[in-house]
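Examining the three-dimensional arrangement
These are the residues of each chain, in order.
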Amino acid sequence: MTELPARVSIREVGPRDGLQNEDPVPTEAKIRLLDALPRTGIRRIEAVSFVHPKAIPQMADADEVWSGSSHDPAVRYSALVPNSRGARRALAAGFTEIEVVVSASDTHNRKNVNRSTDESLDDIAELISLLHGENARVEVIVATSFGCPYEGDVAPARVASIVDRVVADGADRVAFGDTTGMATPRRVTELVTAVRDRQPDIPMLLHFHNTRGTGLANILTAMQLGVTEFDASIGGLGGCPYAPGATGNVATEEVVHMLHDMGIETGIDLDALVEVAALAQDIVGKELPSGVLRAGPRYRTIPA
């Protein structure tokens, strides 16, 4: 293990991964959220996904959301695509950072995209070639990296072999999704170690859900292993349409609250972030799971 990093990079995934598992919200409300986030100091945002509306109806207005938003020049925006058609839509919209996803679990992959993991990896190889030809960078997200709701445990060696394949095919970065919150600090250590032993130079990001309450502990463990890039979702929005029992991603304001108290920089204004979490809660019309949104930061006092 290494010393804790001085700075951590957080990618906000609420506008895409968060809202895709909520009841559909109006396009205008999505734009308001997308445009409010940069004012907190967040500099990486997963904005939309270009998927078939029958598959994820919550993302049916991706083109309208993106064209209607302000596109802060200080922010790195990314989009998720499932196939070449989605990739071409993302390129036409101007995205140069593209995410593609494959599940480490065959069962979850079939539920998600109706094909095996190996078949998806073949498709991803073609997508990488297509996107690199248009000067876009490709991040491969490995879902169910820490366990599958249908199959149970997923061996770290299987995830590492998937990383070997996508790196050989030209992936620029990899991310590991804890799709239903099955990760624990032990499993984070096993996975990061297995991948780093084989691919020490590939940029790595971790994406935790807080389904079983281990999200912040997993982030701390990953930082002790030298990981400095994480996904988080405003208010704890999110889940997975193809993973029963999945709850939201670890809440962005909870992550920032913990990191700042540890002296780790994020470049994010926590008070402004809590205000945007309240906006997200208003947009979806229900109480979100974030404890920092509910109770406020630890330095906020109340009259005696």
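Remember, it's a predicted structure, so these values are computed and weren't measured experimentally.

**Remarks on the overall build of the protein chain**
Helices and strands together make up the secondary structure of the protein chain, namely 12 helices and eight strands. For the protein chain, the C-alpha radius of gyration of 18 Å lies close to 19 Å, the compact-globule estimate for 304 residues. The C-alpha extent of the protein chain, read off along each of the three principal axes, is 60 × 45 × 35 Å. The buried share among the 304 residues of the protein chain stands at 56%. Partitioning the contacts of the protein chain with sequence separation of at least 6, the portion at a separation of at least 24 is 75%. With an accessible surface of roughly 12,600 Å², the protein chain has 48% of that area assigned to carbon and sulfur atoms. Taking the average place of the 29 positive charges on the side chains of the protein chain and the average place of its 42 negative ones, the gap between the two points comes to 2 Å.

**A word on helix H6 (residues 117-133)**
One full turn of an α-helix is made of 3.6 residues, so residues set three or four places apart face in the same direction. With 17 residues, H6 should cover 24 Å at 1.5 Å per step; its first-to-last C-alpha distance of 24 Å lies within 8% of that length. Residues of H6 that are buried: Thr117, Ser120, Leu121, Ile124, Leu127, Ile128 and Leu131. All buried residues of H6 fall inside an arc of 120° around its axis, so they share one side. Projecting away from the buried face of H6 at angles above 90 degrees are the exposed residues Asp118, Glu126, Ser129 and Gly133. On its buried face, H6 sits against helix H4 (84-93), strand E4 (97-103), helix H5 (106-113), strand E5 (137-143) and helix H7 (156-168). Downstream of H6 by a residue or two, Asn135 has a phi angle that is positive, lying close to 65°.

**What to know about the environment of Gly235**
Looking at the element boundaries, Gly235 is found in the loop between strand E8 (229-232) and helix H10 (252-261). For the pair Gly235 and Ala217, spaced 18 residues apart in sequence, the C-alpha to C-alpha distance is 18 Å. Setting aside anything within four residues of it in sequence, one finds Gly235 in contact with Ala251, Glu253, Ala277, Leu288, Pro289 and Ser290.

**Quick notes on the environment of Leu37**
Its place among the elements puts Leu37 in the loop between helix H2 (27-36) and strand E2 (44-49). Accessibility expressed as a relative area gives 0% for Leu37, which makes it buried. Distance from Leu37 to Val75, taken between C-alpha atoms, is 9.8 Å for residues 38 residues apart in sequence. Apart from the residues lying within four places of it in its own chain, the contact partners of Leu37 are Glu12, Pro15, Ile42, Ile45, Ile234 and Val276.

**A short note on H5**
For H5, the side-chain oxygen to backbone nitrogen distance between the N-cap and Thr107 is 3.3 Å, and the N-cap itself is Ser105. A positive phi of about 60° marks Asn114, the residue just after H5.

Rules used throughout
- Residues numbered from 1 in each chain as written.
- Predicted model: local features only at pLDDT ≥ 70, side-chain atom pairs only at ≥ 80, totals over all residues.
- Heavy atoms only, no water.
- Helix = DSSP H or I, 4+ residues; strand = E, 2+ residues; numbered from the N terminus.
- Rg over C-alpha atoms; globule rule 2.2 N^0.38 Å.
- Buried < 20%, exposed > 50% of the residue type's maximum accessible area, 1.4 Å probe, protein only.
- Contact = heavy atoms within 4.5 Å.
- Areas by Shrake-Rupley, 256 points an atom, 1.4 Å probe, with all protein chains shown as cover.
- Lys, Arg positive; Asp, Glu negative; His and termini not counted.
- Charge placed at Lys NZ, Arg CZ, Asp CG, Glu CD.
- Expected span 1.5 Å × (residues − 1).
- Arc of directions from axis to C-beta.
- Polar contact = N/O pair within 3.5 Å; in protein donor to acceptor, adjacent residues only side chain to side chain.

Take it as geometry only, folks, not as evidence of what the structure does.
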